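Descriptive structure summary
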Amino acid sequence: MNATSNRYQVSIEADPGLPIIRMTRDFDATPAQLMRAHTDPELFARWVGPNGMQTKILDWDATTGGRWRYVAGRDGEEYGFHGSFHEVGEDRIVQTFTFDGQPDGVALETLRFEDLGDGRTRLHAQSLVDSFEGRDQWLASGMETGVDEGYAKLDALIAELR
Amino acid sequence: MAVDQLSRVFAALADPTRRDMVARLAVGDATVGELADPYDVSVQAVSKHIKVLTDAGLVSQTKDAQRRPCHLEAEVFDLMTKWIERYRQQAQERYERLDTVLAEMRGEEQSTHHREQGAAS
């Protein structure tokens, strides 16, 4: 396998009928490894990003009923995020997500790790936002601040339109 | 594109009939009557859909006297596609960082495994 030419691509879908963003991405890892990379705070801080930002974990209890809080910073700018771990299961994490800049907004995120065998796992991530406006603001905030939380693409829809 | 316009675009496209109309307008301009033709709905109902699409900036109607054909504003689509692609790209970058972390985890697990094997032999 050629590592440079075989990057797995993120596939994103913004549901046209519900304020939901769905995403899938394959990884060369077992579900257990992927779970660890999502629940071990040191590992998580290394990849959650975005590029060029340092993530500092302030609070972290990745168990059912636990909570999390971190800040992403660059050049004195800091963006805070917090939420609760509603459920941390074998191959599933259900959590809430709030950007401190919009404290009234909350998304419900469900991550599922599907074992594809041969050491590969497919991540299914779904974010349910509380309104279409909320989802679209997230899309917009991704443009303005580089905070890459929430995912959206209308691949299927755009394809339908063309 | 402002956030509220993006919201209007998403909301406008949430309806399957309007998506269908947009798909037809992508082929070429059409009048409200022509758009109403394949549907079992009144011209008035189609006019309402067109108004939603117009308010979202997706469709414009020229002042061509009687016909007033509807025209798809393709650049609004291009903008939306760019926003979403930029977003997807950020997710992609994040998961490429995760790829790196996972590769290091595999490396650590292997060296631990070897050490254990070495100790056992």
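Read on for a plain summary of the structure.

Cut-offs and rules
Positions within a chain are numbered from 1, following the residues in the order the chain's sequence is written. Labels follow written order: the first chain is A, the first ligand is 1, and so on. Predicted model: local features are reported for residues with pLDDT of at least 70 only, side-chain atom pairs are reported and counted for 80 or more only, and whole-chain, interface and lining totals are derived from all residues. Strands here are runs of E lasting at least two residues and helices are runs of H or I lasting at least four, both read from the DSSP assignment and numbered beginning at the N terminus. Once C-beta atoms are placed from the backbone, each residue is buried if 20 or more other C-beta atoms lie within 10 Å of its own, exposed if 12 or fewer, and partly exposed for counts between those two. Throughout, a pair of residues is in contact if the C-beta atoms placed from their backbones lie within 7 Å. By definition, two strands form a pair when at least two bridges between them are found by DSSP.

**As for the overall build of chain A**
Across its full length, chain A carries four helices and eight strands. Along chain A, from the amino end to the carboxyl end, the secondary structure elements read β-β-α-α-β-β-β-β-β-β-α-α. Going through the 162 residues of chain A one by one, you find that 31% of them count as buried. Within chain A, residue pairs in contact and separated by at least 24 positions form 37% of the contacts whose partners lie at least 6 positions apart.

**Quick look at the pairing of strand β6 (residues 92–99) of chain A**
Residues and elements named next belong to chain A. Two strands pair when backbone bridges link them, and strand β5 (residues 77–88) and β6 are joined in this way by five bridges, in the antiparallel orientation. Residue pairing for β6: Glu-87 is matched across the bridge by Val-94. Hairpin remark: β5 followed by β6, antiparallel, with three residues in the connecting loop. Relative to strand β7 (residues 107–117), β6 runs antiparallel, the two being bridged by six bridges. Looking at the pairing, Gln-95 lines up with Glu-109 of β7.

**A closer look at unusual backbone geometry**
Residue and element names in this part refer to chain A. The residue Asp-75 is not glycine, and still its phi comes out positive at about 50°. With respect to the helices and strands, Asp-75 occurs in the loop between β4 (67–74) and β5. Its 7 C-beta neighbours within 10 Å are what place Asp-75 among the exposed residues. The backbone of Asp-118 sits at a positive phi, close to 55°, despite the residue not being glycine. Mapped onto the elements of the fold, Asp-118 is located in the loop between β7 and β8 (120–128). Since 7 C-beta atoms lie within 10 Å of it, Asp-118 is described here as exposed.

**Comments concerning the environment of Gly105(A)**
Residues and elements named next belong to chain A. Topologically, Gly-105 is positioned in the loop between β6 and β7. The exposure class of Gly-105 is partly exposed, given the 17 C-beta atoms found within 10 Å. As a C-alpha pair, Gly-105 and Asp-130 span 25 residues in sequence and 7.1 Å in three-dimensional space.

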